[in-house]
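# Structural characterization, general
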Amino acid sequence: MSFEFFPPRTEEMEAALWSTVDRLAPLRPRFVSVTYGAGGTTRDRTHATVMRIERETGLRAAAHLTCVAATRAEVDAVARRYWDAGIRHIVALRGDPPGDAARYVPHPDGYAFASDLVAGLKRVADFEISVAAYPEVHPEAPDAAADLESLKRKLDAGATRAITQYFFDVEIYFRYLDRVRAAGIDVPVVPGILPVTNFAQLQRFSAMCGATVPGWMADLFEGLDEDPETRRLVAASIAAEQCRALQANGVDEFHFYTLNRAGLTYAIARILGLRPVAARTAG
């Protein structure tokens, strides 16, 4: 099991993040990752968050890095900074275009795609590298075959793990995994799990990223806009059932998109049989 956080923007958000880290740390995840904003907008905050996790919690921290709005030299310098600080795991992504850009355009002196970034990182140092996978096809890919070829290029460049975009129908994941294995790809393809609390926000984001929101989810959340407690119970039930269905079919690793909230992820981990162990917490 692994957890994903994002770097806080305000003092209030910082307090919420470290409260979440404190709560989840005793579950002893394989690693925790920290996201990287579009165009490198959170570069310093991402670095500070990664380093504090590594320094104060005893958890193994992974830093996200992207290709967007940076030269190869700039990205390499960030990577060296991580390596020198003891960070050995990078989540390498192409990245989303900055907010004012309609589409992704590679920096003329930068890494064009995630596969190029992976190769560049491996030249900097022998990082462990995770990359993204898309069970329902990346929204910019021409088709599923091209998307699968993109994944293969990232792995051929040196990545050793793929983490999926979130999904809710487990059959989508298993059909994708069948295609991945048929293509000769044998690395772990870790399902990304998103516990949902804000259904309207989920629908908007899913429309942009190409993830299917099943009709039965809409039915379960209908009429709960003003009932946050019931929404949380429904969200925990959905995510726990999803994980149990994956677990029943041999999946033993999950990556949780926590949104810097501990409660749902902690509850789901308990349902899956994880129990806390003694751990040093963030101070």
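Description of the structure in this document. (Residues numbered from 1 in each chain as written. Predicted model: local features only at pLDDT ≥ 70, side-chain atom pairs only at ≥ 80, totals over all residues. Heavy atoms only, no water.)

What the protein chain contains, in helices and strands, is ten helices and eight strands. Its C-alpha atoms give the protein chain a radius of gyration of 18 Å, near enough to 19 Å, the size a compact globule of 283 residues would have. With the principal axes as the frame, the protein chain shows a C-alpha extent of 50 × 45 × 40 Å. A total of 283 residues make up the protein chain; the buried ones form 51% of that total. Across the protein chain, contacts joining residues at least 24 apart in sequence account for 77% of those joining residues at least 6 apart. When the accessible area of the protein chain is evaluated, it comes to approximately 13200 Å², of which 50% is carbon and sulfur surface. Averaged over its 32 positive side-chain charges, the protein chain has a centre that lies 5 Å from the centre of its 36 negative ones. (Helix = DSSP H or I, 4+ residues; strand = E, 2+ residues; numbered from the N terminus. Rg over C-alpha atoms; globule rule 2.2 N^0.38 Å. Buried < 20%, exposed > 50% of the residue type's maximum accessible area, 1.4 Å probe, protein only. Contact = heavy atoms within 4.5 Å. Areas by Shrake-Rupley, 256 points an atom, 1.4 Å probe, with all protein chains shown as cover. Lys, Arg positive; Asp, Glu negative; His and termini not counted. Charge placed at Lys NZ, Arg CZ, Asp CG, Glu CD.)

As a further point, take unusual backbone geometry. Backbone geometry at Arg28 places phi at a positive 55°, although glycine is not the residue there. With respect to the helices, strands and loops of the structure, Arg28 is situated in the loop between α1 (11-24) and β2 (31-34). Overall, the relative accessible area of 36% leaves Arg28 in the partly exposed class. Located in the positive-phi region is Ala69, a residue other than glycine, with phi close to 55°.

The full count for this structure, using the stated rule, is three cavities of 30 Å³ or more. Approximately 50 Å³ is the volume attributed to the largest cavity. The wall of the largest cavity is formed by Tyr134, Pro135, Glu136, Val137, Gln165, Tyr166, Phe167, Cys209, Gly210 and Ala211. Tallied by class, the residues present in the lining of the largest cavity amount to seven nonpolar, two polar and one charged. Around the second largest cavity, the lining residues are Phe168, Leu194, Pro195, Val196, Phe221, Ala235, Ile238 and Ala239. Examining the composition of the lining of the second largest cavity, we find that three residues originate from one element, helix α9 (residues 228-248), more than from any other. (1 Å grid on protein atoms, 1.4 Å probe; cavity = no way out; pocket = protein on both sides within 12 Å on 5 of 7 lines; lining within 4 Å. Points joined across faces, edges and corners; volume = space filled by probe spheres on them. Nonpolar A, V, L, I, M, F, W, Y, C, P; charged D, E, K, R; others polar.)

Before going further, it helps to spend a moment on the layout of surface pockets. There is about 190 Å³ of room inside the second largest pocket. Where the lining of the second largest pocket is concerned, the elements lending two or more residues are α9 and α10 (263-271). Classifying every residue of the lining of the second largest pocket by side-chain character gives six nonpolar, four polar and three charged.

With that settled, the discussion passes to the nonpolar core. Grouped together as the largest cluster of nonpolar side chains are 66 residues, with contacts concentrated most on Leu121, Val131, Leu151, Leu246 and Phe256. Considering every element that reaches this core, the biggest residue donor is helix α6 (residues 170-182), with six residues. Leaving out residues up to four positions away in the same chain, Leu151 has contacts with Val131, Ala132, Ala133, Ala162, Tyr176, Val180 and Ile185. In this structure, Phe31, Phe168, Phe221 and Ile238 belong to the second largest nonpolar core, which totals 22 residues. (Core = buried A, V, L, I, M, F, W, Y, C linked by side-chain atoms within 4.5 Å.)

In spatial order, the strands read β1-β2-β3-β4-β5-β6-β7-β8; together these eight strands close into a barrel with parallel pairing. Pairwise comparison of adjacent strand axes, ignoring direction, gives a mean angle of 30° for this sheet. Bridging between β2 and strand β3 (residues 61-66) involves three bridges; their strand directions are parallel. Bridged to Val34 within β3 is Ala63. Along the sheet face, helix α2 (residues 43-56) touches β1 (2-5), β2 and β3 and points at about 165° away from the line of β3. Sheet strands in contact with α6 are β5 (128-133), β6 (161-166) and β7 (189-193), and its direction is about 160° off that of β7. (Pairing = 2+ DSSP bridges. Axes fitted to C-alpha atoms, helices over the stretch in contact; angles between N-to-C directions.)

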